[in-house]
Amino acid sequence: MIHHYYNITPTIHPTAFVAKDAVIIGDVIIGEESSIWFKTVIRGDVAPTRIGNRVSIQDLSMLHQSPNHTLIVEDDVTVGHQVTLHSAVIRKNALIGMGSIILDGAEIGENAFIGAGSLVPPGKKIPPHTLAMGRPAKVVRELTEDDYKEMERVRNSYVEKGQYYKNHTDLGLTF
């Protein structure tokens, strides 16, 4: 379900997969080969939301903002199931684990990995190339080559799945 808000309509690249039961409202831009999965809500009714290329926003996630604080998700990011992103910046190639909450002004560094169920409080900066987890999230170690390979595997599998769902099922929207 794609809705305008005060005459601002989401802009979704034609190669993106958006599940039919996702809700996208207002000032939202979604890039190439990105995938927005089932029952996800992305509201651009307070400030803009910018989602890059090859981003996966998985099932039951919620993306929103505070006034004057754009939510930015850069290219090649994986956002796990039931994640809340609120006025944060998620840098390239990051992975946000299932059930995590990333709050206003938080910044997740490039190639960072946020463990499942973590809470990144307002304004917290997670450095690039680190694993952070907990409530509140704390850096626990540098990422390994195995971590990077697994993050890439997950990222690529969702790009592939999104394109399959877009081209071979009736579960997505057409743009």
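Keep in mind the model is a prediction, meaning the values are calculated, not measured.

Caption draft 1: How the structure looks around the overall build of the protein. Of regular secondary structure, the protein possesses one helix and 20 strands. C-alpha extents for the protein along the principal axes are approximately 40 × 35 × 20 Å. Per-residue burial for the protein yields a buried fraction of 47% across its 175 residues. Counting only contacts in the protein whose residues sit at least 6 apart along the sequence, the fraction spanning at least 24 positions is 14%. Working note: accessible area of the protein is about 8,100 Å², and carbon and sulfur atoms make up 55% of it. Positive and negative side-chain charges in the protein, numbering 17 and 20 respectively, have mean positions lying 4 Å apart.

Caption draft 2: How the structure looks around the packing of aromatic side chains. Per the stated rule, a full pass over the model turns up nine aromatic pairs. Put simply, the rings of Phe17, Trp37, Phe38, Tyr158, Tyr164 and Tyr165 pair up and form one aromatic cluster.

Caption draft 3: Expanded view of the pattern of salt bridges. The full count for this structure, using the stated rule, is eight salt bridges. For the salt bridge of Asp45 with Arg43, the shortest nitrogen-to-oxygen distance reads 2.9 Å. Residue classification places Arg43 among the partly exposed positions, given a relative accessible area of 27%. Three or more residues are tied together by salt bridges with common partners; here these are Glu74, Arg91 and Glu107.

Caption draft 4: Region of the structure containing helix 1 (residues 145–168). The first and last C-alpha atoms of helix 1 sit 34 Å apart over 24 residues, in line with the 34 Å expected at 1.5 Å per residue. Those residues of helix 1 that sit buried are Asp147, Met151, Val154, Arg155, Ser157, Tyr158, Val159, Gly162 and Gln163.

Caption draft 5: How the structure looks around the side chain of Arg155. Mapped onto the secondary structure, Arg155 falls in helix 1. For the buried Arg155, no salt bridge exists, and the shortest N-O distance to an oppositely charged side chain is 4.4 Å, to Asp76. If we skip the residues at most four places from it in the chain, Arg155 touches Arg54, Asp76, Thr78 and Asn93.

Caption draft 6: A look at unusual backbone geometry. Note the cis peptide between Arg135 and Pro136, where omega equals 5 degrees. Structurally, Pro136 is set in the loop between strand 19 (130–134) and strand 20 (137–142). Residues other than glycine seldom take positive phi values, yet Gln82 does so here, at roughly 55 degrees. Take Gln82: it is sitting in the loop between strand 10 (78–79) and strand 11 (84–86). Judged by its relative accessible area of 51%, Gln82 is exposed. For Asn111, which is not a glycine, the phi torsion comes out positive at approximately 60 degrees.

Rules used throughout
Residues numbered from 1 in each chain as written. Predicted model: local features only at pLDDT ≥ 70, side-chain atom pairs only at ≥ 80, totals over all residues. Heavy atoms only, no water. Helix = DSSP H or I, 4+ residues; strand = E, 2+ residues; numbered from the N terminus. Buried < 20%, exposed > 50% of the residue type's maximum accessible area, 1.4 Å probe, protein only. Contact = heavy atoms within 4.5 Å. Areas by Shrake-Rupley, 256 points an atom, 1.4 Å probe, with all protein chains shown as cover. Lys, Arg positive; Asp, Glu negative; His and termini not counted. Charge placed at Lys NZ, Arg CZ, Asp CG, Glu CD. Phe/Tyr/Trp six-rings, centres within 6.5 Å; stacked < 30°, edge-to-face > 60°. Salt bridge = Lys/Arg side-chain N within 4 Å of Asp/Glu carboxyl O. Expected span 1.5 Å × (residues − 1).

Function-wise, these values are silent; they only describe arrangement.
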